[in-house]
Structures are given as C-alpha cells and as structure tokens.
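# Coordinates in review
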Amino acid sequence: MKVLLLENIHPLAVENLERAGYEVDLRSASMSEDELIAALPGVTLLGIRSNTHITPRVLDNAADLQAIGCFCIGTNQVDLEYAAEKGIAVFNAPYSNTRSVVELVIAEIISLARRLPDKTQKMHAGVWDKSAKGSHEVRGRTLGIVGYGNIGTQLSNIAEALGLYVIFYDIADRLAHGNARRMLSLDDLLAEADVVSLHVDGRPGNAGIFGAEQFAKMKPRSIFINASRGMVVDTESLRENILSGHIAGAALDVFPIEPKAQGDEFESPLRGLDNVILTPHVGGSTMEAQEEIGYFVSNKLRAFQKEGSTALSVDLPAVQPPPLTEGHRLAYLHVNVPGVLAEVNNVLAAEGANVVGQYLATKGEKGYVVTDSTEPISENALGKLQASPHTIWLRSYSA
C-alpha cells in the first residue's frame with residue numbers, strides 16, 4: 001500500500017505508517033492539480049496540509065485513493081462533498097495544534113501593545129529609541145474574539161489569566177468560558193474591543209467578511225490579529241487603516257495567497273509597514289504540535305484503511321468499531337435509503353455468517369455499517385452486496 005505525504009509532514013507520521021506496513025513517499029512541497037493527478041495512481045492514502053488543494057478533477061483521477069489526511073485543523077482545501085460522493089474518507093486534527101496557535105496570538109498581542117516590532121527594527125538599524133510612547137500593558141484591555149471554537153475558547157482562558165477582559169462573537173451558540181461575555185453582533189464586539197482576533201473557519205461564506213466596513217467600526221488605535229484563514233480579510237483595507245493610524249498594529253499568520261514551497265517569494269500589501277507582524281502560516285508549527293498532528297492523523301488513516309474506522313471523519317458517517325483483535329470484519333459504505341441494513345443482514349444470514357457485532361451511522365446521503373463475524377464473509381455474500389445498486393464500496397478485513 002502506497003502513501004503520499006506532502007508539505008513537510010512530521011517524520012513521526014512516516015514512522016507510524018511504515019511500521020504498519022505502508023510504503024511512504026514524503027515530499028517537502030505542495031502539489032498543483034496536474035502534479036497530483038500524475039502522482040496519485042497507485043496511492044492508497046494521501047497526506048496534505050493547507051497548501052495542497054484537492055479538487056473534483058484530482059479525485060476523478062485518483063482511482064486507488066481511499067482516504068485523505070489533512071495534517072492541520074482546516075479541511076476547506078478539500079472538496080469534502082465530492083470526496084464523500086467518491087467514498088473517500090477525509091480526516092484532520094481539530095485539536096492538536098490549538099495550544100500552539102493560542103501561544104502565538106498571546107505573544108502577538110503583547111508584542112503589538114508594546115510596539116516591539118517597531119522597537120526591534122530600529123535597534124537593528126542602529127537607532128536607540130527608549131520611549132514609552134504608544135506602549136501599553138495588556139492588563140485591563142478588552143480582547144474581542146471572533147469565532148469561539150477550540151482555539152477561541154482556549155485563547156479566552158489564557159487571556160483572562162493575563163488580566164484581559166474577554167468578549168466574543170460566534171454565529172453558533174457557544175458556552176462562555178470564565179468571565180467572557182457574549183456579544184450579540186460583530187459590530188458590538190468591534191465597538192468595544194481594544195484587540196480583535198479572528199478565529200473563524202474556512203467555509204466559503206466567511207470569504208471577505210472583514211474589510212473596510214469592519215475596520216472602520218473598530219476602536220481608534222486598536223490592534224488586529226488574524227490567525228484563522230487568509231481569505232477572510234481584505235489586506236488592502238487593512239493596509240489603508242494602518243497607514244492612516246486608525247489601526248495601531250496588526251499580526252497576520254495567514255494570507256489570501258501563500259507561496260507553495262520554502263523559499264518562494266511572499267507578496268503582500270502589508271510588507272514593510274510599521275508595527276505589523278507577518279509570519280508564514282506557522283500558528284500550529286511547533287515541534288510539539290506537528291508531532292501530535294503527525295501521530296493523530298496517521299493513526300486515523302491507518303485505523304480506517306486497516307480496520308474500517310471512520311471515527312472523526314469530516315465527510316463520511318462516523319463509526320468507531322472496536323479494534324479488530326479476532327475474527328473478520330465487513331465494512332460497507334452505501335447510499336442512505338431505507339432497507340439497506342435489512343438487505344445486508346439478510347445476505348449474511350443466508351450465507352450462514354455468525355455476526356458478533358454491528359456498528360452503523362448515517363450522514364446525509366451516505367450510510368456506513370461495520371459488521372464483525374467469527375468466520376470470513378463468503379465470496380457469494382460479498383458478490384451479492386457488491387452488486388446492490390446501493391453499494392458505494394465494501395471492504396473486508398481479518399484479524
């Protein structure tokens with residue numbers, strides 16, 4: 001079984017998959033659509049990060065591909081609906097780099113409040129500027145968090161410990177942590193926050209949600225941070241607000257267009273601006289986070305391909321059967337219509353299968369059932385199920 005890992009995925013993932021018997025091809029850069037199409041024949045498992053985009057055209061030319069591992073939080077670089085239609089499981093690491101992103105944001109809040117980017121730039125230029133002008137403590141300031149999910153809530157907790165007041169806005173109903181206050185609208189948050197930090201996901205509806213109108217509603221001399229998705233912010237509008245002095249400082253870790261490989265030139269209208277921190281999408285790039293992501297996602301890929309587990313899959317019905325330590329297993333992905341489970345059980349009963357466990361779930365138009373038996377499922381039973389008009393795929397496993 002071949003595995004293709006792109007974008008400098010942590011060596012622990014390679015070690016984990018090779019130990020499970022896979023042949024792993026590790027590449028340092030992302031791939032274009034054409035490059036993927038050329039590379040994917042014979043590849044069973046694909047590992048990517050945020051710069052490799054999996055389009056319907058790629059999936060149509062990946063006949064051997066069974067699963068995709070996104071070694072990051074986001075999955076908007078994959079056409080999830082089409083992947084589900086093709087029966088290809090997609091996994092990610094929704095929690096593994098949360099702490100790393102939060103620590104970066106906290107460091108940026110303090111650095112910008114103290115105008116450290118400006119100070120250090122002058123020192124490197126040989127200018128001694130010992131002045132408190134424009135420098136502030138963060139204690140007692142108000143942090144506005146837009147997007148109160150896994151990262152937003154942890155940022156909320158740590159910011160409070162530093163003495164910041166925390167307000168948040170989210171389109172979903174989220175439980176407030178500690179003394180954080182929920183705002184009823186984004187405008188309400190912008191009017192009150194001294195620091196605005198974005199932590200939204202990459203759904204298409206979030207594209208361009210923060211532009212000239214939103215910057216104008218922020219408090220004068222406030223700070224802006226984006227460590228979520230590059231496409232949510234109008235960077236030209238941000239540049240104008242920094243140059244005018246309305247925004248006192250900004251930190252961005254993500255950008256609308258990012259270089260594909262190490263050493264490629266980075267272009268942005270924010271380059272060269274005072275008190276602006278630009279980092280190359282490294283929010284989750286700590287050794288600790290990347291090791292944890294490498295371990296977590298590679299285990300999900302292995303468990304799916306070896307045992308049929310779709311636990312925490314973002315596109316297929318999530319089924320977590322127990323480890324296959326004895327006997328045999330049939331995994332069956334099917335169209336979600338009434339009567340399929342009865343059809344499966346009737347076929348197995350007619351072939352004399354001794355079923356000892358069955359685990360199932362549905363999601364949208366897909367259903368997934370995993371059946372354990374003491375004896376191998378007969379070729380006749382497999383043939384009958386394969387011939388069903390409701391079948392997307394079926395796979396059998398043995399302990």
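Not measured: the values here are computed from a predicted model.

## Structural notes on the overall build of the chain
Scanning the chain for helices and strands turns up 13 helices and 16 strands. Expressed as lengths along the three principal axes of its C-alpha atoms, the size of the chain is roughly 85 × 45 × 35 Å. Relative to its 399 residues, the chain shows a buried fraction of 51%. A sequence separation of at least 24 residues applies to 63% of the contacts in the chain between residues at least 6 apart. Of the accessible surface of the chain, which amounts to about 18500 Å², a share of 51% is contributed by carbon and sulfur atoms. Measuring between centres, the 34 positive side-chain charges of the chain sit 7 Å from its 48 negative side-chain charges.

## Looking at the sheet that holds strand β14 (residues 355-363)
Spatially, the 4 strands line up as an open sheet ordered β14-β15-β13-β16, and their pairing is antiparallel. Looking at which strands have only one partner, the edges of the open sheet turn out to be β14 and β16 (391-398). Averaged over all adjacent pairs, the angle separating strand axes in this sheet is 10°, with direction ignored. In this fold helix α11 (residues 287-307) packs onto β13 (328-335) and β16, with an angle of close to 90° to the strand it touches most, β16.

## Some remarks on the packing of helix α5 (residues 98-113) against helix α7 (residues 150-161)
Where α5 meets α7, the closest approach of the two axes is 9 Å, and the angle between their N-to-C directions is 50°. As summarised for this structure, α5 and α7 are arranged oblique, according to the angle between their axes. As for the relative orientation of α5 and α7, their crossing is right-handed in sense. Taken together, the residues of α7 that come into contact with α5 (itself represented by T98, R99, V101, V102, V105 and I106) are N150, I151, Q154, L155, I158 and A159. When the residues that make up the contact of α5 with α7 are grouped by side-chain class, the tally is 8 nonpolar, 3 polar and 1 charged.

Criteria and cut-off values
- Residues numbered from 1 in each chain as written.
- Predicted model: local features only at pLDDT ≥ 70, side-chain atom pairs only at ≥ 80, totals over all residues.
- Heavy atoms only, no water.
- Helix = DSSP H or I, 4+ residues; strand = E, 2+ residues; numbered from the N terminus.
- Buried < 20%, exposed > 50% of the residue type's maximum accessible area, 1.4 Å probe, protein only.
- Contact = heavy atoms within 4.5 Å.
- Areas by Shrake-Rupley, 256 points an atom, 1.4 Å probe, with all protein chains shown as cover.
- Lys, Arg positive; Asp, Glu negative; His and termini not counted.
- Charge placed at Lys NZ, Arg CZ, Asp CG, Glu CD.
- Pairing = 2+ DSSP bridges.
- Axes fitted to C-alpha atoms, helices over the stretch in contact; angles between N-to-C directions.
- Parallel < 35°, antiparallel > 145°, perpendicular 65-115°, else oblique.
- Left-handed = near helix turned anticlockwise from the far one by under 90°.
- Nonpolar A, V, L, I, M, F, W, Y, C, P; charged D, E, K, R; others polar.

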